[in-house]
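# Topology and contacts: notes
One-letter residues, chain by chain:
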Amino acid sequence: MIRPPEAVRWSADGSAVDIIDQTLLPATEQRILLRSAAEAETAIREMRVRGAPAIGIVAAFALAVEAVRLAGHEREGFATRWAAAAERLRAARPTAINLAWAVDRMREAARPLEDGPALVAERLRATADAILAEDRAMCQRIGEHALALVPEPQARVLTHCNAGALATGGIGTALAPLYLAAGAGRSLQVFASETRPLLQGSRLTAWELSRAGIAVTIVTDSVGAVLMREGSVDFVIVGADRIVANGDTANKVGTYGLAVLARHHGIPFYVAAPSSTVDAGTADGSAIPIEHRDADEVRRGFGLLTAPADAPVFAPAFDITPASLIDAIITERGIFRPPFTGLVTGTTRGGA
Ligand code: MRU
């Protein structure tokens, strides 16, 4: 199996965050360096890096870099500036809980900030490394568990947005079982829905799967119904930006519609995500904050005017799929089935 791309890593000299600029894919594979928390915040807002786990990892790395950058300040100035940078990074995007989770973990590691730059920076670097290593391991485990849900000897899969290596520190979440199945020589046909308006499906999922030699066919967002109706999809699998206590799941807008379609056609609908995506403190999906994107991403996507320049646009970036439409949630801890109580208590029900 080809090694999937590394979305986030340290720069060669270890002083900066090194990411693939995902806004340039698939035309250009170019890495950029983020040398401060502010640069990381901008990269996250501009979606140069995106995907729930990946933005959490970038925030963690950037806060370690920021501690070194602020090392010249006396203790109080260092503590105030670093805490403010953490607050701004945490707010860069609202829906994916992994971002807040990673920043909170870094804040915990930084305490007490009054220890001063050198000690704090050391603890932050170790914690950022741990967050990346854990995410990589979680992706692998998710893939191993979810592999049991992939039909043999061949499977036809529909996925939405990008929940692959580009969105994580490892082999992805929804794409993890597909990488493992392909690596084991199984035959796969993946359908990647385009994912309007920023095209994470066609630009990113299709790019990383075809790079790995996995057969992938791009469909526009409205083709899922046709594929399901004609019996071309064995299961649907997506990632998640936040899964709350009852199993309601926020993911890229369009996911909810696919879940409704899958249920109508009797096709299993799966969500794959690490524990860092589970928000046990929120009871149901109605409380998940949904990011709305700039109208021009829809009106003039990638620079071409495709709508009246001032036409109003409704552009939620995510939607909520109710738990009742989800057949299984796969985390690194196993396969969880409705009513998903084990997601919070730690036990799997009816898992493979
Ligand atoms: O707006 P994006 O591209 O950050 O949205 C990403 C998604 O919705 C992914 O499906 C989700 O974060 C899961 S990533 C493993």
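What counts, and where the lines are drawn
Residues numbered from 1 in each chain as written. Predicted model: local features only at pLDDT ≥ 70, side-chain atom pairs only at ≥ 80, totals over all residues. Heavy atoms only, no water. Helix = DSSP H or I, 4+ residues; strand = E, 2+ residues; numbered from the N terminus. Rg over C-alpha atoms; globule rule 2.2 N^0.38 Å. Buried < 20%, exposed > 50% of the residue type's maximum accessible area, 1.4 Å probe, protein only. Contact = heavy atoms within 4.5 Å. Areas by Shrake-Rupley, 256 points an atom, 1.4 Å probe, with all protein chains shown as cover. Lys, Arg positive; Asp, Glu negative; His and termini not counted. Charge placed at Lys NZ, Arg CZ, Asp CG, Glu CD. Core = buried A, V, L, I, M, F, W, Y, C linked by side-chain atoms within 4.5 Å. Near = heavy atom within 4 Å. Polar contact = N/O pair within 3.5 Å; in protein donor to acceptor, adjacent residues only side chain to side chain. 1 Å grid on protein atoms, 1.4 Å probe; cavity = no way out; pocket = protein on both sides within 12 Å on 5 of 7 lines; lining within 4 Å. Points joined across faces, edges and corners; volume = space filled by probe spheres on them. Pairing = 2+ DSSP bridges. Axes fitted to C-alpha atoms, helices over the stretch in contact; angles between N-to-C directions. Expected span 1.5 Å × (residues − 1).

### Overview of the overall build of the protein chain
Within the protein chain, the secondary structure is distributed over 11 helices and 14 strands. Against the 2.2 N^0.38 benchmark of 20 Å for 352 residues, the protein chain shows a C-alpha radius of gyration of 20 Å, consistent with a compact globule. Dimensions of the protein chain, computed from C-alpha atoms along their principal axes, come out at roughly 65 × 50 × 40 Å. A burial count over the protein chain gives 57% of its 352 residues as buried. Taking as baseline every contact in the protein chain between residues at least 6 positions apart, the subset at least 24 positions apart corresponds to 73%. By element, 54% of the accessible surface of the protein chain is carried by carbon and sulfur atoms, the whole surface being about 14000 Å². Looking at charge distribution, the protein chain has the averaged site of its 35 positive side-chain charges lying 2 Å from that of its 39 negative ones.

### Re the nonpolar core
One finds Val-8, Ile-19, Trp-82, Leu-89, Met-106 and Leu-124 to be the most contacted residues of the largest nonpolar core, which totals 47 residues. Sorting the residues of this core by element identifies strand 1 (8-10), strand 2 (17-20), strand 3 (31-34), helix 1 (37-45), helix 2 (52-69), helix 3 (75-90), helix 4 (97-110) and helix 5 (117-147) as the ones contributing at least two each. Residue contacts for Leu-124: discarding those within four places in its chain leaves Leu-63, Ala-64, Ala-67, Trp-82, Met-106, Ala-109 and Ala-110. Counting 29 residues, the second largest nonpolar core, distinct from the first, contains Ile-142, Leu-147, Ile-214 and Phe-235.

### Regarding the site of the ligand
Taken together, 19 residues surround the ligand, and among them Arg-50, Arg-93, Asp-241, Asn-251 and Lys-252 come closest. In the model, an oxygen atom of the ligand is placed 2.9 Å from a nitrogen or oxygen of the Gln-200 side chain. In the model, an oxygen atom of the ligand is placed 2.8 Å from a nitrogen or oxygen of the Asn-251 side chain. Contact with the protein chains hides 99% of the accessible area of the ligand, taken as 420 Å² for the molecule alone.

### Some thoughts on empty space enclosed by the protein
Counted by the stated rule, this structure contains three cavities of 30 Å³ or more. Volume-wise, the largest cavity comes out at about 180 Å³. As for the largest cavity, its lining consists of 21 residues, of which Gly-51, Ala-52, Asn-162, Asp-241 and Asn-251 are closest to the centre. Taken together, the elements giving at least two residues each to the lining of the largest cavity come down to helix 2 and strand 9 (249-252). For the second largest cavity, the calculated volume is near 60 Å³. Taken together, Pro-53, Gly-56, Ile-57, Asn-98, Trp-101, Ala-102, Ile-131, Asp-135, Met-138 and Ser-276 make up the lining of the second largest cavity.

### Quick word on the sheet that holds strand 13 (residues 328-331)
A sheet is described by the order of its strands in space; here seven strands give the open sequence 6-5-4-7-10-13-14, paired in mixed fashion. Each having just a single partner strand, strand 6 (216-219) and strand 14 (334-336) make up the two edges of the open sheet. Averaged over all pairs of adjacent strands, the angle between strand axes in this sheet comes to 25 degrees, irrespective of strand direction. Against the sheet, helix 5 touches strand 10 (269-272), strand 13 and strand 14, its axis set at about 140 degrees to strand 13. Against the sheet, helix 6 (residues 176-183) engages strand 4 (154-160), strand 5 (187-193) and strand 7 (235-238), with an angle of about 150 degrees to strand 5.

### Comments concerning the side chain of Thr-282
On the secondary structure map, Thr-282 appears in the loop between strand 11 (278-279) and helix 10 (296-299). Setting aside anything within four residues of it in sequence, one finds Thr-282 in contact with Val-244, Ala-245 and Ala-287.

### Structural notes on unusual backbone geometry
With an omega dihedral of 0 degrees, the bond running from Glu-152 to Pro-153 counts as a cis peptide bond. Cis geometry marks the peptide bond from Pro-338 to Pro-339, where omega comes out at 10 degrees. With respect to the secondary-structure elements, Pro-339 resides in the loop between strand 14 and helix 11 (342-345). For Phe-302, which is not a glycine, the phi torsion comes out positive at approximately 55 degrees. Examined against the element boundaries, Phe-302 turns out to sit in the loop between helix 10 and strand 12 (318-321). The residue Phe-340 is not glycine, and still its phi comes out positive at about 65 degrees. The topology assignment puts Phe-340 in the loop between strand 14 and helix 11.

### So, helix 7 (residues 200-211)
In a regular helix each residue adds 1.5 Å, so 12 residues correspond to 16 Å; helix 7 covers 15 Å between its end C-alpha atoms and thus fits that length. Across the 12 residues of helix 7, 10 count as buried, placing the element largely inside the fold. Taken together, the buried positions of helix 7 are occupied by Gln-200, Gly-201, Ser-202, Arg-203, Leu-204, Thr-205, Ala-206, Trp-207, Glu-208 and Leu-209. Taken together, the buried residues of helix 7 touch strand 4, helix 6, strand 5, strand 6 and strand 9. Within two residues after helix 7, Gly-213 carries a phi angle of roughly 80 degrees, on the positive side.

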